[in-house]
Amino acid sequence: MQTRKKYIFITFFASWLLLFFFGGDQIRRLAFLSRKKATVLKNWPRWTDRSLLKSFADPEELQSDGGHHKQSAKARRESRINIYKHSRCRMETCFDFSRCEKHGFKVFVYPMEREDPVSESYLKIITSIEESRYYTSNPEEACLFILNIDTLDRDHLSIQYVHNINDKIQGFPLWNDGRNHLIFNLYSGTWPNYTEDLGFDIGQAILAKASFYVENFRPGFDISIPLFSKEHPQKGGERGWLYQNSVPPKKKYMLAFKGKRYLTGIGSDTRNALHHIHNGKEIISLTTCKHGKDWEKHKDTRCDKDNLDYEKFDYQELLHNSTFCIIPRGRRLGSFRFLEALQAACIPVLLSNGWELPFSEVIDWSKSAIVGDERLLLQIPSTVRCIHSDKILAFQQQTQFLWEAYFSSVEKIVQTTLEIIKDRLFLRESRPKFLWNTLPGGLLALPEYSTHLGDFPFYHLQHGSSPSGKFTAFIRAVSPVVSLSQPILKLIQAVSRSQHCAQILVLWSCEKPPPPRGRWPQTAVPLTVIHGRRKVSDRFFPYSAIGTDAVLSLDEHTSLSTSEVDFAFVVWRSFPDRIVGFPMRSHFWDSSQSQWGYTSKWTNEFSMVLTAAAFYHRYYHSLFTNYLPASLRSLIDQLSNCEDILMNFLVSAVTKLPPIKVTQKKQHQEAAPQQMSRSAAVSSGNLHFSQRQDCLNRFAAWFGYMPLVHSQLRLDPVLFKDQVSVLRKKYRHLEKP
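Note that the coordinates shown come from a computational prediction; the quantities given were computed from them, not determined experimentally.

J.: Quick rundown of the confidence of the model for the chain? Include the residues and the values.
T.: On average, the chain scores 85 in pLDDT, and the residues at 70 or more come to 84%. Across the chain, the secondary-structure element scoring lowest on mean pLDDT is helix α2 (residues 59-63), at 42, and the one scoring highest is strand β2 (residues 144-146), at 98. Counting contacts from residues 26-69, a segment whose pLDDT is below 50, to residues more than four positions away or on other chains yields 22 contacts. Scored below 50 in pLDDT, residues 672-677 shows 10 contacts in the model against residues more than four places distant or in partner chains.

J.: Quick rundown of the nonpolar core? Include the residues and the values.
T.: Counting residues in hydrophobic clusters, the biggest one holds 81 residues, and the most contacted among them are Phe184 and Phe407. Counting residues per element, this core draws most heavily on helix α14 (residues 410-425), which supplies seven residues. When residues of this core are assigned to domains, at least three map to each of domain 1 (83-224) and domain 2 (253-408). Apart from residues lying up to four places away in sequence, Phe407 is in contact with Pro226, His232, Leu339, Leu342, Pro358, Phe359, Ile363, Trp365, Leu402, Lys412 and Ile413.

J.: Any details on the state of the cysteines? Residues and values, ideally.
T.: For the coordinates displayed, the defined rule picks out five disulfides. In this model, Cys325 is linked to Cys346 through a disulfide, with the two sulfur atoms separated by 2.0 Å. Here the S-S torsion is close to 100°, and the disulfide linking Cys325 with Cys346 is therefore right-handed. In this pair, Cys325 sits in strand β10 (residues 322-328) while Cys346 sits in the loop between α11 (337-343) and β11 (347-351), placing the two residues 21 residues apart along the sequence. Look at Cys325 and you get buried, because its relative accessible area is 6%. On the accessibility criterion, Cys346 (0% relative accessible area) is buried. Two residues, Cys642 and Cys695, share a disulfide whose sulfurs are 2.1 Å apart. Taking the sign of the S-S torsion, 80° for the link of Cys642 and Cys695, the bridge is right-handed. One end of the pair, Cys642, is in the loop between α20 (630-639) and α21 (643-655); the other, Cys695, is in helix α22 (residues 684-703), with 53 residues separating them in the sequence.

J.: Which residues make up unusual backbone geometry, and what values do they have?
T.: In most cases, non-glycine residues show a negative phi, while peptide bonds are predominantly trans. Cis geometry is found at the peptide bond from Leu439 to Pro440, where omega equals 0°. Structurally, the position occupied by Pro440 is in the loop between α15 (433-436) and α16 (460-463). Residue Ser640 is not a glycine yet carries a positive backbone phi of 50°. If you trace the backbone, Ser640 turns up in the loop between α20 and α21. Ser640 gets classed as partly exposed once you look at its relative accessible area, which sits at 26%.

Rules used throughout
Residues numbered from 1 in each chain as written. Predicted model: local features only at pLDDT ≥ 70, side-chain atom pairs only at ≥ 80, totals over all residues. Heavy atoms only, no water. pLDDT = per-residue confidence, 0-100. Helix = DSSP H or I, 4+ residues; strand = E, 2+ residues; numbered from the N terminus. Contact = heavy atoms within 4.5 Å. Core = buried A, V, L, I, M, F, W, Y, C linked by side-chain atoms within 4.5 Å. Buried < 20%, exposed > 50% of the residue type's maximum accessible area, 1.4 Å probe, protein only. Domains from an automatic or database assignment. Disulfide = S-S within 2.5 Å.

Given below as structure tokens:
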């Protein structure tokens, strides 16, 4: 019995020793936390050489451990739980996928009510959605819902703050605790802590928010958007400031900042410290505390000098002449300066710890921005000095691409938000990240067409590949075939003799039926007749019968030789992303009429190549039909005109480049619409011309800018018109009369 007691005692003693050695630290912590702190924190040491050292922060500030605006971790957690009751929401748990199965990705906007105040910025968002290809006015078809209540500014001190949102949304029969809803927000919280509280329960809604804090961001569900001002354009937007002759990449100032300095409250620490890196030479860091009503009451000893230095530099000049721009946090994490720096090709240096960067789900910001740490501000100058010129230029180019692809207008910000959500819903048709971060960008690379890089016209040169070596001739016929000498039959014979022709498709858009198979010319390649709807937009429909990358678009009255076709196709294979063809036209700004003008004069400068005889990639059929709004396609169908101008607008908007003209024997004449009566034959040319000029201005209004680019380049075969034997020339028939 005693032996048994002895073993029990030894076992208990050994367990106690193990607990003391391995769990003693936790026990001491529990004991420490259970007692009330009876003593105050020990003061910071008072150094003897304190007067000689320039302090980064006041001792009182260090003693207070961050000031009154800092929150404890527990307080932040409780605040987060109150703000986001559905913090575990993901697409799989808080989104009803079944609503998107029948009608696809459709977006419904709640009808606007007169008594509800709506800001200019929110109205731009609503307009962008209603003009998009995803909009539906039928809630039964909708996959995603947008509130008609302005939720952009949720600072209750703001005049644009909308009260009683909870009561309003609970009365919406479609609300369903926010399921399948998207809420936009730019400003949340208010003084002094500026939390992310929106003042109402968002339920299971997706939040598209600016200044998103990483701790509150729900990955794969929420979307971080940029903070933009009320002056941000709804469409188009200004181009970036980087031009081809903007070399060398290093500018007058290496690092620059000019902005407000907050004397107290959240966001003041970083901006108060910026003066430490200012040297007045290559680093310009200027702040002013002269803002707000009571700034003089709170000003410190630096304010007067800072205000004087602040006026010595112009902000726009700094943007133009700085290689890197510091983007510190403000009261909130985001800043207007972020988009301003992107546009100016001033590489952003971000000092905003915990900020979920805009569209970070798809954009690789490591290629265009420097993400710094607010606590390591003094290391920023040495960090940016180490970046090589080649990388600086690459960063600058990427800022311009991102600005123009996703941020230059409210419409692009909204479109990017919707496309990200759509990619989540249809994973099999989602874009790879490469498409989002490479020209022309995710918005112009439709996953419905393909997700394979080689199927698009933009990436051949980057990957050292070439498009397919054959083309499809696509001829639009609007007149009945009554004679064997009609131009369309001669055209078919000339095109079919090309060594690069794979097939000929005839789009029959005539009221009378097409001739029987025996009336068509005998060709060495397949000839197929497709029945159209007698609409001009049909010629750019993505027909499944088109089996080659290249499409040779032709009108029935076009006259081309086999040599012309062969040479144009060879040129197109070197420029598969552009329109390559024969008849050219141009645009100009008519200052007397304050509008764009259209001209068909035969000059050395042009900006359009008509699709009456032109090569382009078949992807543009999909982009024309699925990307452009139905209203533009309805316009050209109503006029039976301008479809070729619209295609030139689209391709130039995608490539930012002009079309390419090649050698042509015979000048092309535009044909007037066939539907016009004889009594109008005299004025048909003038009417046709005036319609095209009107189209030019309408298209520019929809795009928000003029995408067409002028060029003086014409490509001819080697030895073309040279005084040598014709037998030495590959395309000898181009010079025959």
